[in-house]
Amino acid sequence: EDFPGEFVVIELSAEAGRTFSSAKKLTALESVKEMLGEKMYAEDDVSKILSTPIKDLVMGGKQVCVLLGPRFMLDLELDGKSITDEYLCETYSCFRSDKWMENKFNNTRDIDDMLELNLEEVKEESKKGKLLNNQFVLTPGVGGAPDIAKLLFGMNSLQPVYLANNLYKPAKRHASPPLHTFFQENGTENWNLVSLDFIDLCPAMMGFLVGLNFSEFEIMLATVQYGNPNFFRPSMSVTQKVQSHVVRNRVLFLNVGKDFGSNFGTLTLAYRVNDKFYSIVIHFDGSSVIVLNEYNHLQAGSKEIVIDDDAEEGSINPGGGGTLMTWCRSEEGDDIEFDFDSPF
């Protein structure tokens, strides 16, 4: 209830090597049903989850899908008889995870290997009509003498957070974190569930993944002014460059140092979301990551561009040192075109 816009998939699993009787499993299911109640997704149809936008699911009051893992389903009985899928659905609004979800454990601590395994998996498994949980999680381990030496000299660590940092942070100045680069290059694949460790270390990735669930985000005009904002800085168009970084036509995902190769400057955008136009001015430096989508753009400081129905043209001052822009109706009159005065 505190997060009405979220939809959560929970997989219940029995702890390995520990006795978990059918009676205790059924008691656990009763507790889950009592706790989640009407919030539980209750239709035995995984294709509906795959085809329905999250915001439409939650608007219908359903926020949780509960799946039962193979160890939980093992020897699950009622009155000496195996419990059917229909009974689980009708009585507990729960479903077998092996029928609903592919969930592969990659078991690697190598970043390139883990990314390649996930890319292969999404290409092979995403067309099977199931939820696909891609695990972008690195597993600590020691592979031999070189790893032992690195541990002894403090050049490596077995702490999971150390591995996650390597995934979420750039290796050098003006570089892009490995996970950012991966999703910029492969964001159009059919990702639907993504597992990450230590999500507080990757807020940009969380904003990007959440944004994929919302409406289209169309860049109309993008300009950049390089250098110190206290001095005059000519504006240059970067519209095509910025448009190329809108993933799935839904999320603008820019790693400024890598994508613009600049220490600092100002980005001015005019864009469309749900048939309304907005502008925003973003001051950046070489380490900035810009993530904009329908979900977060107003929180980021965007302002609506109000265009009267009978107006043919106008100008926009986005403020904050951004580029002054103009707009006019197209010759056909059914669209708005944006421009700015450029010295180039």
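Figured I'd write up the structure that's included with this text. (Residues numbered from 1 in each chain as written. Predicted model: local features only at pLDDT ≥ 70, side-chain atom pairs only at ≥ 80, totals over all residues. Heavy atoms only, no water.)

### A word on the overall build of the chain
Line of reasoning, step 1. Secondary structure assignment for the chain yields 13 helices and 19 strands.
Line of reasoning, step 2. Here the C-alpha coordinates of the chain stretch approximately 80 × 60 × 35 Å along the principal axes.
Line of reasoning, step 3. A total of 344 residues make up the chain; the buried ones form 44% of that total.
Line of reasoning, step 4. Excluding contacts between residues fewer than 6 apart, the proportion of contacts in the chain whose partners are at least 24 apart in sequence is 65%.
Line of reasoning, step 5. Charge centroids of the chain, computed over 31 positive and 52 negative side chains, lie 7 Å from each other. (Helix = DSSP H or I, 4+ residues; strand = E, 2+ residues; numbered from the N terminus. Buried < 20%, exposed > 50% of the residue type's maximum accessible area, 1.4 Å probe, protein only. Contact = heavy atoms within 4.5 Å. Lys, Arg positive; Asp, Glu negative; His and termini not counted. Charge placed at Lys NZ, Arg CZ, Asp CG, Glu CD.)

### Let's talk about the pattern of salt bridges
Line of reasoning, step 1. Evaluated as defined, the whole model comprises eleven salt bridges.
Line of reasoning, step 2. For Arg18, the salt bridge identified is with Glu15, shortest N-O distance 3.3 Å. Taken individually, Arg18 and Glu15 each receive the classification exposed, so the pair is uniform in this respect.
Line of reasoning, step 3. Between Glu102 and Lys130 there is a salt bridge whose closest N-O contact spans 3.1 Å. Note that Glu102 is positioned in strand E6 (residues 101–103) and Lys130 in the loop between helix H7 (111–125) and strand E7 (131–136), a separation of 28 residues in sequence.
Line of reasoning, step 4. Accessibility expressed as a relative area gives 21% for Glu102, which makes it partly exposed.
Line of reasoning, step 5. When salt bridges that share partners are traced, they join Asp85, Arg96, Asp98 and Lys99 into one network. (Salt bridge = Lys/Arg side-chain N within 4 Å of Asp/Glu carboxyl O.)

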